[in-house]
Amino acid sequence: MPLWTIYHTPGTFTGEEKRQLAAWITEHYERVGLPRFYVVTVFNETRAEDFYVGGEQAQVGVRIVIDHIARHNPDQASRRRTARWINDMLQPYLKEKVDLHWEFHVDETSEDLWMINGLIPPPAKSEAELAWAKANAAAPY
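Scoring rules and cut-offs
Residues numbered from 1 in each chain as written. Predicted model: local features only at pLDDT ≥ 70, side-chain atom pairs only at ≥ 80, totals over all residues. Heavy atoms only, no water. Salt bridge = Lys/Arg side-chain N within 4 Å of Asp/Glu carboxyl O. Helix = DSSP H or I, 4+ residues; strand = E, 2+ residues; numbered from the N terminus. Buried < 20%, exposed > 50% of the residue type's maximum accessible area, 1.4 Å probe, protein only. Contact = heavy atoms within 4.5 Å. Polar contact = N/O pair within 3.5 Å; in protein donor to acceptor, adjacent residues only side chain to side chain. Pairing = 2+ DSSP bridges. Right-handed = clockwise from strand over helix to strand, strands pointing away. Axes fitted to C-alpha atoms, helices over the stretch in contact; angles between N-to-C directions. Parallel < 35°, antiparallel > 145°, perpendicular 65-115°, else oblique. Left-handed = near helix turned anticlockwise from the far one by under 90°. Nonpolar A, V, L, I, M, F, W, Y, C, P; charged D, E, K, R; others polar.

## Thoughts on the pattern of salt bridges
All told, the structure shown has seven salt bridges when counted by the stated rule. The partner of Arg71 in a salt bridge is Glu129, and the shortest N-O contact between them spans 2.7 Å. Placement of the pair is Arg71 in the loop between strand E5 (61-68) and helix H2 (76-94) and Glu129 in helix H3 (residues 127-135), with a sequence separation of 58 residues. Taking the relative accessible area as the measure of exposure, Arg71 reaches 23% and is therefore partly exposed. A relative accessible area of 3% means that Glu129 is categorised as buried.

Encoded structure:
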């Protein structure tokens with residue numbers, strides 16, 4: 001499950017941009033085989049007076065924290081590919097924003113500590129996971 005928590009200063013994203021970015025992120029994960037409902041995106045507007053970079057108040061800023069649980073990168077090369085993949089995903093939404101400081105990081109959390117609706121998710125690419133993806137919902141298996 002990728003959980004994207006997007007901290008941002010007010011006015012950085014319109015409601016429509018949030019909707020589009022959340023859909024864009026979900027589509028990217030679906031293309032690599034994850035069920036759509038695994039992808040959660042949370043926008044957390046943070047007042048400029050509460051957003052600091054290097055000890056200085058940032059008037060416009062975005063900090064994205066991504067938790068990857070369903071899949072993990074086995075080595076440095078694949079982690080670098082994932083970072084580039086995420087960067088490419090974000091570019092259309094962030095590159096044109098004037099004076100914006102933005103960054104992201106990814107944590108890889110053990111899937112052993114993850115449940116959906118009280119169910120342990122099925123193994124990656126298993127028949128049960130494919131059934132979850134088709135139904136776009138968790139179900140006993």
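Moving on from the model shown.
## A closer look at the environment of Lys97
As for its position among the elements, Lys97 is in the loop between H2 and strand E6 (101-108). Exposure remark for Lys97: the relative accessible area of 22% places this residue in the partly exposed category. Between the alpha carbons of Lys97 and Phe13 there is a distance of 9.7 Å; along the sequence they are 84 residues apart. Those residues in contact with Lys97 that lie beyond four places of it in its chain are Thr12, Phe13 and Glu17. Within the structure, Lys97 has its side chain in polar contact with the side chain of Glu17 (distance 3.4 Å).

## Observations regarding the pairing of strand E2 (residues 40-45)
Judged from the six bridges that link them, strand E1 (residues 2-8) and E2 form a sheet pairing that is parallel. Opposite His8, over in E2, you have Glu45 as the bridge partner.

## Notes on the pairing of E5
A large share of E5 lies buried, amounting to seven of its eight residues. Bridge count for E1 against E5 is seven bridges, and the pairing is antiparallel. In the sheet register, Pro2 faces E5, and the bridge partner there is His68. When E5 meets E6, the two strands line up parallel, connected through eight bridges. Bridge pairing links Ile64 to Phe104 in E6. Once the chain exits E5 it traverses H2 before rejoining the sheet at E6, and the crossover so formed is right-handed.

## Focus: the packing of helix H1 (residues 15-31) against H2
Geometry of a packed helix pair, given as the angle between the helix axes and the separation of the axes. At a minimum axis separation of 11 Å, H1 and H2 run at an interaxial angle of 155°. On the basis of the axis angle, H1 is roughly antiparallel to H2. The two elements H1 and H2 meet at a crossing, and its hand is right-handed. Contacts between H1 and H2 involve Glu17, Gln20, Leu21, Trp24, Ile25, His28 and Tyr29 from the former and Trp85, Met89, Leu90, Pro92 and Tyr93 from the latter. Class assignment of the residues belonging to the contact of H1 with H2 gives a composition of nine nonpolar, two polar and one charged.

## Structural notes on the environment of Leu94
Relative to the elements of secondary structure, Leu94 occurs in helix H2. Taking the C-alpha atoms as reference points, Leu94 and Phe13, separated by 81 residues in sequence, lie 9.4 Å from one another. Residue contacts for Leu94: discarding those within four places in its chain leaves Phe13, Val62, Leu100 and Trp102.

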